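Now for the letters of each chain:
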Amino acid sequence: MATTEVQELEALRSGGEEAFLGLVRRHHAAMVRVAQIYVSRRDIAEEVAQEAWLGALRGLDRFEGRSSLKTWLFRIVTNLAKTRAVREGRTIPFSALRAPDTVPEPAVEPERFRPSDDPRWPGHWASKPTEWPEHRLLESESLARIHEAIDALPDSQRAVISLRDIEGWSADEVCNALELSETNQRVLLHRARSKVRAAMERYFDE
Amino acid sequence: MSEATVEALSCQELVELVTAYLERALTAEDHARFEEHLATCGTCEVYLEQMRATIRLAGEMTVEDLSPEAERELLSAFRSWRGR
């Protein structure tokens, strides 16, 4: 465990409310997104995340620090979410997680490229992306749009891009928490980022 | 490496490799093909920059999903846990 985590854990165990709230504020949103992979409905995912915090408190004394606090927390969420999914009669979408859909999801619509039998430039841009104006990237509306685009993704893609790009987790941490292979993690991330880029392009081109 | 063995990437192929490229997960050969293509294709450079901008923007997002009621509830759970 990292030093800050050890300190955090000590603060928690000695009853520090600020330490607890800090942890909740940092991880709750991501916990909801992870739970949503399994239970799909947002309101149920929210309940699962809350339940996970209570579970974490109950288990805190037994937590030995063999894994990081974060890994441990997310394992609790995943387990609770799976149980809840079964109770809700939902088949856990292992396939969605373990093997992303084999149906290809091109990063960019094929129509935007010249056909593969083009005599001069097969597979090259026909409808080119243009540079985004730097000042618009800084507008709060852009952040709102990216939020929307991420929310609209399929559950597993949303979870992966949230953990990687919003929360700043490493690929390894995500693979671990979501029980994904390296390749599948990358495919989900690629599909998610590509769709979000496309949504932003539509917005900037409006 | 002889020229005949290394086939150039098309733009359509490149866009599918962007994440693997940014994750440094491409083979040395594919990495070289990727950068070779970029060096001569301004449009793909724009595309890559858009992907980077997308990642940067996502990193600036703060997701405050916790409702005040939920926070209060968790805090009271924490207090009763502490007072056990």
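Residues numbered from 1 in each chain as written. Chains lettered and ligands numbered in written order. Predicted model: local features only at pLDDT ≥ 70, side-chain atom pairs only at ≥ 80, totals over all residues.

Caption draft 1: Spotlight on the confidence of the model for chain A. Counting all residues, the mean pLDDT for chain A is 89, and 94% of those residues have values of 70 or more. For chain A, the element scoring lowest by mean pLDDT is helix α5 (residues 94-98) of chain A, at 51; helix α10 (residues 182-205) of chain A scores highest, at 96. (pLDDT = per-residue confidence, 0-100. Helix = DSSP H or I, 4+ residues; strand = E, 2+ residues; numbered from the N terminus.)

Caption draft 2: Examining the interface of chain A and chain B more closely. Counting residues at the interface gives 44 residues for chain A and 34 residues for chain B. When contributions to the side of chain A that touches chain B are tallied by element, the ones reaching two or more residues are α2 (17-39), α3 (42-59), α7 (140-151), α8 (155-166) and α10 of chain A. A class-by-class count of the residues in the side of chain A that touches chain B yields 25 nonpolar, 10 polar and 9 charged. (Contact = placed C-beta atoms within 7 Å. Nonpolar A, V, L, I, M, F, W, Y, C, P; charged D, E, K, R; others polar.)

Caption draft 3: Main features of the domain arrangement of chain A. Residue and element names in this part refer to chain A. Splitting chain A by domain gives domain 1 (3-87) and domain 2 (95-205). Between the C-alpha centres of domain 1 and domain 2 the distance comes to 28 Å. Contacts between the two partners involve 9 residues from domain 1 and, on the opposite side, 11 residues from domain 2. Elements represented by at least two residues in the side of domain 1 that touches domain 2 include exactly α2 and α4 (69-87). Sort the elements by how many residues they give to the side of domain 1 that touches domain 2 and α2 lands first, with 5 residues. (Domains from an automatic or database assignment.)

Caption draft 4: Representation of α3(A). The terminal C-alpha atoms of α3(A) lie 25 Å apart, and with 18 residues this matches the ideal 26 Å at 1.5 Å per residue to within 8%. Here α3(A) has its buried residues at Ile44(A), Ala45(A), Glu46(A), Val48(A), Ala49(A), Gln50(A), Ala52(A), Trp53(A) and Ala56(A). Against α2 and α4 of chain A together with α4 (68-82) of chain B lie the buried residues of α3(A). (Expected span 1.5 Å × (residues − 1). Buried ≥ 20, exposed ≤ 12 C-beta atoms within 10 Å, placed from the backbone.)

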